[in-house]
Amino acid sequence: MSTALSRLFFALVGLFLAAPLIVIAGVSVNEMRSLTFPPVGFSLAWYGEIFTDPGWRGALTTSVLIALGAATLAVAIALPIAYSLWRRVSAVGRIIQTLGISPFVLPPVITALGALSLWATVGAYGAWYTVVISHAIFFTSLPLVTISLGFSTIDREVTEAARTMGADDRTILTTIVLPMIAPYIVSGFAFAFVLSLNEYIVAYMTVGFTLETVPIKIFNALRYGYTPTMASVSILFVAVAVAVFGTVARFGDLPKLLGAWRAGDEK
Amino acid sequence: MLLAFFVVPFGLMIAVSFFQRVQGGFYEPIVTTANYARFLSLFFGKILLFSLGLSALVAAICITVGAPFTYLLTRLKRPMQVPWLVALLAVLSLSEVIIGFAWSTLLSRTAGVSNLFVAIGLMDAPVAWTPGFGAVLAGMVYQALPYSVLVLYPSFSRLDPSLAEAAKTLGASPIRAFLTVVLPALRTTLIATFIIVFVFALGAYLLPQLLGRPEHWTLSVLITDQAIYQSNMPFAAAMAVFLVVASLLLVLTTTLLGRRGQPA
């Protein structure tokens, strides 16, 4: 395709992706408590309100804590699975891997309803940890994929060499394997963290009436009309996502994490 | 343990779908097929058809825009691809609530793009484009487009560049080379992606609610509605089981298609 044409195409797609964000960014700096665009005046008051208004600050704290817990747990589940998959590729491993990816194949409503059925049956419905565990399970596939990819980059000859020189499994794991896959663990954690932060339906169905995360708060607030704070908090979340993925890209090979191979890479 | 966490909830859900609802509580274990009978009524049939049609339309738009976009993206140098990938991931990770809020603002009368059109003289007065079918469609494409690009990305980036080169050497224009060489080579991937995006779109539960009128509500909206607001877990579960079956059938089709495309 000619360069001019493809540039135009990129610009159009970029505009489509950016347009709603530009508008809410504009709305978020309005001086008045109304949604107008282009913005009237300039004020960062609505960003301040995220941290001063107890409702928003509470929701933000809840969201961050849940996301941290869920991402940690997801990594804790994914790491041993990826490790055992790497040590010995088996049919069981493949089944587990397929199961790990299954939540992404099914509509999230289903996962949410499944989680709700489970927690309602064991009588834990509404407890704070239900959403952490549900998110962790729901997003385990992300660290699983990135960590598995990390293991695949380790040259087996290195671990063989270490074994020949008398290192036991534990030493190999802590001195060779873990340092090499650390960046992949961090990426997996980051992916799970950002997605948990933004996740709505599972959170709503498990703890929606006892805890308020930011997406739940925005949704509840939508019913009483729009406020500029909603715009500010949305922009804040976009910024967090860009920062996290940007950092992953800065320290890791993002195209490779997303499935691209370098020229000359063979499977 | 992981197995238990996936199988038990689904098993429970299937069980619950046959139970009877209790006013003010969750359900009691009396086996009934009334939930399924209710689902098969005309009203829900129409909604199912609308959901399937809408998701198919979203998937079609995403593939039409996403395939050439992904192709061009993978032809860029790696460092140039990274900002796009970061942007796509950021949009993809956005909560449906935020996407819905952003689009309803963008298409609203007070803060929408129509103000921009008024300012440059294209329109006389700002209008509200939400709620409406167009708004639902725009929001869902917005949510699904990054997803489809990222699903297409691995196979496009692995595509042998010499294929298109050869076509060009033989005198094909770049667009012609894309249509006649690149797309057919990735036919299986495209079909698979269509189905994956279709299932993804089927899962949208908030955008039809936030951007559409009640007649634009999809099955996922109704499931949420029944589970949360009507407290009718069994009926929600019955609808969910139905949606799972539909999704699984589609995924199975994908796998079969994918397998047929590979040399044995």
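Along every chain, residues carry numbers that run from 1 in the direction the sequence is written. Key to labels: chains lettered from A, ligands numbered from 1, both in the order written. Local features in this predicted model are restricted to residues whose pLDDT is 70 or higher, and side-chain atom pairs enter the listing and the counts only when it is 80 or higher, whereas totals over whole chains, interfaces and linings include all residues. To get the side-chain values, all heavy atoms of the structure are used, and hydrogens and water are removed first.

**Considerations on the overall build of chain B**
By definition, any uninterrupted DSSP run of H or I lasting at least four residues is a helix, any uninterrupted run of E lasting at least two residues is a strand, and each is numbered from the N terminus. Broken down by element type, chain B carries 13 helices and two strands. Between buried and exposed lies partly exposed: a residue is buried under 20% and exposed over 50% of the maximum accessible area for its type, with that area taken using a 1.4 Å probe on protein chains only. Sorting the 264 residues of chain B into buried and exposed places 51% on the buried side. Residue contacts follow a heavy-atom distance rule, with two residues in contact if any of their heavy atoms lie within 4.5 Å. Contacts in chain B between residues far apart in sequence, at least 24 positions, make up 68% of those at least 6 positions apart. Here the open area of atoms and residues is found with the Shrake-Rupley method and a 1.4 Å probe, where only the protein chains shown may cover a residue. Summing over all exposed atoms, chain B offers an accessible surface of approximately 11,600 Å²; the carbon and sulfur share of this is 69%.

**Digging into the interface of chain A and chain B**
Residue-level contacts link 78 residues of chain A with 74 residues of chain B. Take the accessible area each of two parts loses on contact, using a 1.4 Å probe, and add the two losses: that sum is the buried area. Surface buried jointly by chain A and chain B totals about 6,900 Å² across both partners, of which 83% is contributed by carbon and sulfur atoms. By definition, a salt bridge exists where a carboxyl oxygen of Asp or Glu is found within 4 Å of a side-chain nitrogen of Lys or Arg. Where chain A touches chain B, the interface holds zero salt bridges. Nitrogen and oxygen atoms within 3.5 Å of one another constitute a polar contact, given that in protein one can donate a hydrogen and the other can accept it, and given that sequence-neighbouring residues count only through two side-chain atoms. The tally of links from chain A across to chain B stands at three residue pairs in polar contact (both at pLDDT 80 or more).

**Looking at helix α10 (residues 187–202) of chain B**
In this model, α10(B) (16 residues) spans 23 Å end to end at C-alpha, consistent with the 22 Å of a helix rising 1.5 Å per residue. Every buried residue belonging to α10(B) is among L190(B), A192(B), T193(B), I195(B), V197(B), F198(B), V199(B), A201(B) and L202(B), and all of these are buried. Here the expected length of a helix is defined as 1.5 Å per residue gap, with one fewer gap than residues.

**Observations regarding the nonpolar core**
What we call a nonpolar core is a set of buried Ala, Val, Leu, Ile, Met, Phe, Trp, Tyr and Cys residues that are connected through their side-chain atoms within 4.5 Å. Grouped together as the largest cluster of nonpolar side chains are 126 residues, with contacts concentrated most on L113(A), Y200(A), I218(A), L254(A), F69(B) and L73(B). With 13 residues, the single largest contributor to this core is helix α7 (residues 133–158) of chain B. Here L73(B) is in contact with F10(A), Q81(B), W84(B), L85(B), L88(B), V149(B) and Y153(B), once residues within four sequence places are set aside.

**Description of a nonpolar patch on the surface**
Taken together, the side chains of L5(A), L8(A), L12(A), L15(A), I175(B) and L179(B) define a hydrophobic patch exposed on the protein surface, amounting to about 570 Å² of accessible area. Per-element accounting of the nonpolar patch gives the leading share, four residues, to helix α1 (residues 3–28) of chain A. With respect to the helices, strands and loops of the structure, L5(A) is situated in helix α1. The partly exposed category is assigned to L5(A), whose relative accessible area is 43%. A patch is a set of surface residues, each over 30% in relative accessible area and not in a salt bridge, joined within 9 Å for like charges and within 5 Å for the nonpolar side chains Val, Leu, Ile, Met, Phe, Trp and Tyr.

**Some remarks on the confidence of the model for chain B**
All names here are of chain B. Confidence along chain B averages 76 in pLDDT terms, with 73% of residues attaining 70 or more. Put simply, strand β2 (residues 27–28) is where chain B has its lowest mean pLDDT, 58, and α7 is where it has its highest, 86. Across the interfaces of the predicted complex, the ipTM metric reaches 0.77, alongside a pTM of 0.79. pLDDT is defined as a per-residue confidence score from the predictor, taking values between 0 and 100.

**Things to note about the confidence of the model for chain A**
All names here are of chain A. Taken over all residues, the pLDDT of chain A has a mean of 78, while the share at 70 or more is 85%. Of all the helices and strands in chain A, helix α4 (residues 91–105) carries the lowest mean pLDDT, 58, while helix α3 (residues 54–87) carries the highest, 86. Segment residues 262–267: pLDDT under 50, and four contacts once partners within four positions in sequence are set aside and those in other chains are kept.

**Some thoughts on the side chain of H135(A)**
Residue and element names in this part refer to chain A. Position of H135 relative to the elements: it lies in helix α6 (residues 128–139). Looking at H135, the relative accessible area reads 1%, which means it is buried. With residues up to four places along the chain from it excluded, the contact list for H135 reads I66, A70, S196, E199, V202 and A203.

**Concerning the environment of P131(B)**
On the secondary structure map, P131(B) appears in the loop between α6 (113–119) and α7. Expressed as a C-alpha distance, the spacing of P131(B) and R187(B), which sit 56 residues apart in the sequence, is 36 Å.

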